Amino acid sequence: MSELIIVGDRVLVEQHDGEQLTHSGLYLPATVTEKEKVGTGRVVRVGPGHLMPNPDYNEGDPVTKPAESVRYLPLQAQGGDFAFYLRKESIEINYQEKTYIIVPHNAILALVRSDGNVLQDLEDLLGES
């Protein structure tokens, strides 16, 4: 996926939606879970961050090494994080026969970052068995 570049403060997410098992043991089809306001998924890539002016940039000083006129403030999300995001802010794209969601960083509600057993942590978090 090296050709796909995420720009600015956007995050590429692989959806975790589909059939879900409720606490009572019923399976909810994907059509029911699509109507929820909050989506979930795994962060695949993040953009460079929020664009801001570079305070070190000086156009008129020929002695110093030229600096870029802008900087990026890095995003909190990282590849591999599990994200909870607002569905209404997301945009669905198809890339190399896979469906992804692009979400602005400010539409992400929470991130789960684990250094242990990621699959067990997600099952515990989502209440799956």
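In what follows, the accompanying structure is described. (Residues numbered from 1 in each chain as written. Predicted model: local features only at pLDDT ≥ 70, side-chain atom pairs only at ≥ 80, totals over all residues. Heavy atoms only, no water.)

Quick notes on the overall build of the chain
Thinking step 1. A count of helices and strands for the chain gives two helices and ten strands.
Thinking step 2. Looking at the chain residue by residue over its 129 residues, the buried ones come to 24%.
Thinking step 3. By element, 52% of the accessible surface of the chain is carried by carbon and sulfur atoms, the whole surface being about 9000 Å². (Helix = DSSP H or I, 4+ residues; strand = E, 2+ residues; numbered from the N terminus. Buried < 20%, exposed > 50% of the residue type's maximum accessible area, 1.4 Å probe, protein only. Areas by Shrake-Rupley, 256 points an atom, 1.4 Å probe, with all protein chains shown as cover.)

A closer look at the sheet that holds strand 4 (residues 38-46)
Thinking step 1. Sheet architecture is open: six strands sit in the order 8-9-1-4-7-10, paired in antiparallel fashion. Two strands lie at the open edges of the sheet, namely strand 8 (91-95) and strand 10 (108-112), each paired on one side alone. Averaged over all pairs of adjacent strands, the angle between strand axes in this sheet comes to 40°, irrespective of strand direction. (Pairing = 2+ DSSP bridges. Axes fitted to C-alpha atoms, helices over the stretch in contact; angles between N-to-C directions.)

Here we look at the side chain of Asp81
Thinking step 1. Positionally, Asp81 belongs in the loop between strand 6 (70-73) and strand 7 (82-86).
Thinking step 2. Discounting chain neighbours no more than four positions away, the residues touching Asp81 are Gly41, Arg42, Val43, Gln76, Leu111, Val112 and Arg113. (Contact = heavy atoms within 4.5 Å.)

Considering the pattern of salt bridges
Thinking step 1. The full count for this structure, using the stated rule, is two salt bridges.
Thinking step 2. The partner of Lys98 in a salt bridge is Glu14, and the shortest N-O contact between them spans 3.0 Å. Within this pair, whereas Lys98 is found in strand 9 (residues 98-104), its partner Glu14 is found in strand 1 (residues 10-15), the two being separated by 84 residues in sequence.
Thinking step 3. Its relative accessible area of 30% is what places Glu14 among the partly exposed residues. (Salt bridge = Lys/Arg side-chain N within 4 Å of Asp/Glu carboxyl O.)

Here we look at the nonpolar core
Thinking step 1. In terms of nonpolar packing, the biggest core is built from eleven residues, these being Val11, Val13, Val43, Leu75, Ala77, Ala83, Tyr85, Ile101, Val103, Ala107 and Ile108.
Thinking step 2. The contacts of Ala107, once residues within four sequence positions are left out, are Phe84, Tyr85, Leu86 and Glu89.
Thinking step 3. Core analysis: the second largest hydrophobic core is formed by six residues, Leu12, Tyr95, Tyr100 and Ile102 among them. (Core = buried A, V, L, I, M, F, W, Y, C linked by side-chain atoms within 4.5 Å.)

With respect to the packing of aromatic side chains
Thinking step 1. On inspection of all chains with the given rule, the structure shows one aromatic pair.
Thinking step 2. Both rings, one in Phe82 and one in Phe84, keep their centres 5.5 Å apart while their planes meet at 80°; by these two values the pair is edge-to-face.
Thinking step 3. Take Phe82: its relative accessible area is 1%, and that puts it in the buried class. (Phe/Tyr/Trp six-rings, centres within 6.5 Å; stacked < 30°, edge-to-face > 60°.)

Here's the deal with a nonpolar patch on the surface
Thinking step 1. Together, Leu51, Val70 and Tyr72 line one region of the surface with nonpolar side chains, adding up to about 290 Å² of accessible area.
Thinking step 2. Following the sequence through the fold, Leu51 ends up in strand 5 (residues 50-53). (Patch = residues over 30% accessible without salt bridge, like charges linked within 9 Å, V, L, I, M, F, W, Y side chains within 5 Å.)

A few points about the environment of Leu86
Thinking step 1. Within the secondary structure, Leu86 sits in strand 7.
Thinking step 2. Classification of Leu86 by relative accessible area gives partly exposed; the value is 25%.
Thinking step 3. With 18 residues separating them in the primary sequence, Leu86 and Pro104 have C-alpha atoms 9.5 Å apart.

Notes on the pairing of strand 8
Thinking step 1. Alignment of strand 8 against strand 9, held across five bridges, turns out to be antiparallel. Of the residues in strand 9, the one forming a bridge with Asn94 is Thr99.
Thinking step 2. Between strand 8 and strand 9, which pair antiparallel and follow one another directly, the connecting turn spans two residues, one of which, Gln96, has a positive phi of 50°.

Nothing here speaks to function; it is all geometry.
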